[in-house]
Amino acid sequence: MCLTLFPVISKYFMESLSPISEAVSDYMHKKFADKQLVVGLDWPFLGGSNEIWLAVIYSIPITVLFSFILPGNGLLPFAGIVNIALAVPAYLVTRGNLPRMIILCTLGVPIFLYVGTAFAPFVTALANSTGAVANLGTSMISNSCIDGPVFTYAFAEFLDIIHGNFFPMIILVIWLAGYFFMYRDIKKEAAAKKLAADAANEAADTATE
């Protein structure tokens, strides 16, 4: 039932956003005819993909299992058990390859749990200071669906190196290296596509002549 309803409901979001995207693109192309413009939309534009919901539903029991067996985890993620922030990046990285998405989701679940555990004292302190939550006692609250958990943890905690904690700095260096190589690959792919398009246009012009 979930596999049927979630993609259908998400497709309504996609269909409602498509006219906005097309209208904005047409308007901007008229204003900047000599430039390539990309219109960014939120993840519901991809929400009609069955692969995303298959990965999300697969990750639910995996998340529950890991929350009980992972050493050092202090988070029970029942409120955020449907983790879109886990499946959507996996979809984008693998371009919808479901087996690879499942592998990435399996590897990603512990990261979300550990980062949520690491941020629990800060989230709890913020809730107590604002009065958003009452009568917590010794319990703590956190977020099990933090967007970009590696990025968030690394940039939030890397200054902890002054207290002798080098782990966030190591994670930050690894993340920056991964970002650099990903950016380089994207640029190479874009350049290759441009060369192929230029070659195709040149061949078409030659054939016309």
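This one's a predicted model, so the numbers in the text were calculated from it and none came from an experiment. (Residues numbered from 1 in each chain as written. Predicted model: local features only at pLDDT ≥ 70, side-chain atom pairs only at ≥ 80, totals over all residues. Heavy atoms only, no water.)

1. Quick look at the overall build of the protein chain
A count of helical and extended segments in the protein chain gives six helices and zero strands. Going from the N terminus to the C terminus, the protein chain shows its helices and strands as α-α-α-α-α-α. Looking at the protein chain as a whole, 27% of its 209 residues qualify as buried. Of the contacts formed within the protein chain by residues at least 6 apart in sequence, a portion of 62% connects residues at least 24 apart. Within the structure as shown, the protein chain displays about 14,000 Å² of accessible surface, and the carbon and sulfur contribution to it stands at 68%. (Helix = DSSP H or I, 4+ residues; strand = E, 2+ residues; numbered from the N terminus. Buried < 20%, exposed > 50% of the residue type's maximum accessible area, 1.4 Å probe, protein only. Contact = heavy atoms within 4.5 Å. Areas by Shrake-Rupley, 256 points an atom, 1.4 Å probe, with all protein chains shown as cover.)

2. A few points about the packing of aromatic side chains
Tallied over the full model, the rule gives eight aromatic pairs. An angle of 65° between the planes, with centres 6.4 Å apart, marks the rings of Phe 119 and Phe 122 as edge-to-face. You can see Phe 119 and its partner Phe 122 sitting in helix H4 (residues 98-130), three residues apart, about one turn around the helix. Cluster of aromatic residues (ring-pair linked, three or more members): Phe 151, Phe 155, Trp 175, Tyr 179 and Tyr 183. (Phe/Tyr/Trp six-rings, centres within 6.5 Å; stacked < 30°, edge-to-face > 60°.)

3. Thoughts on unusual backbone geometry
For Arg 95, which is not glycine, the phi dihedral falls at a positive 60°. As for its position among the elements, Arg 95 is in the loop between helix H3 (84-94) and H4.

4. Concerning helix H2 (residues 50-69)
The end-to-end C-alpha distance of H2, which contains 20 residues, comes to 29 Å, matching closely the 28 Å that a straight helix rising 1.5 Å per residue would cover. The sharpest bend along H2 reaches about 30° and sits at Ile 60, with the proline Pro 61 one to four residues further on. Three or more residues of H2 are buried, namely Ile 52, Trp 53, Ala 55, Val 56, Ser 59, Ile 62, Thr 63, Phe 66 and Ser 67. (Expected span 1.5 Å × (residues − 1). Bend = angle between axes of the 7 residues up to and from the residue.)

5. With respect to a nonpolar patch on the surface
A cluster of nonpolar side chains, Leu 65, Phe 68, Ile 69, Leu 76 and Phe 78, forms an exposed patch at the surface whose accessible area comes to about 560 Å². Structurally, Leu 76 is set in the loop between H2 and H3. We classify Leu 76 as exposed; its relative accessible area is 52%. (Patch = residues over 30% accessible without salt bridge, like charges linked within 9 Å, V, L, I, M, F, W, Y side chains within 5 Å. Salt bridge = Lys/Arg side-chain N within 4 Å of Asp/Glu carboxyl O.)

6. Structural notes on the pattern of salt bridges
One pass over the full model with this rule turns up three salt bridges. A salt bridge links Glu 189 to Lys 193, with the shortest nitrogen-to-oxygen separation between them at 3.5 Å. In this pair, Glu 189 and Lys 193 are both assigned in helix H6 (residues 167-208), four residues apart and thus about one turn of the helix distant. Here the salt bridges share partners, and the residues they tie into one network are Arg 95, Glu 189 and Lys 193.

7. What to know about the nonpolar core
Core analysis: the biggest nonpolar cluster contains 20 residues, and Ile 52, Val 56, Phe 66, Val 109 and Leu 113 have the highest contact counts within it. Every element with two or more residues in this core is listed here: H2, H3 and H4. By residue number, the principal contributor to this core is H3, which donates seven residues. Not counting chain neighbours up to four residues away, the residues in contact with Phe 66 comprise Asn 73, Thr 106, Val 109, Pro 110 and Leu 113. (Core = buried A, V, L, I, M, F, W, Y, C linked by side-chain atoms within 4.5 Å.)

8. Let's talk about the side chain of Thr 124
As for its position among the elements, Thr 124 is in helix H4. Note on Thr 124: relative accessible area 6%, which makes it buried. Ignoring sequence-local partners within four residues, the contact set of Thr 124 consists of Leu 136, Ser 139, Met 140 and Ile 141.

9. Structural notes on the environment of Ile 141
Its location among the elements puts Ile 141 in the loop between H4 and helix H5 (149-157). Measuring from C-alpha to C-alpha, the distance between Ile 141 and Thr 117 comes to 8.9 Å, with 24 residues separating the pair along the chain. Aside from chain neighbours lying at most four places away, what touches Ile 141 is Ala 120, Val 123, Thr 124, Ala 127, Val 133 and Leu 136.

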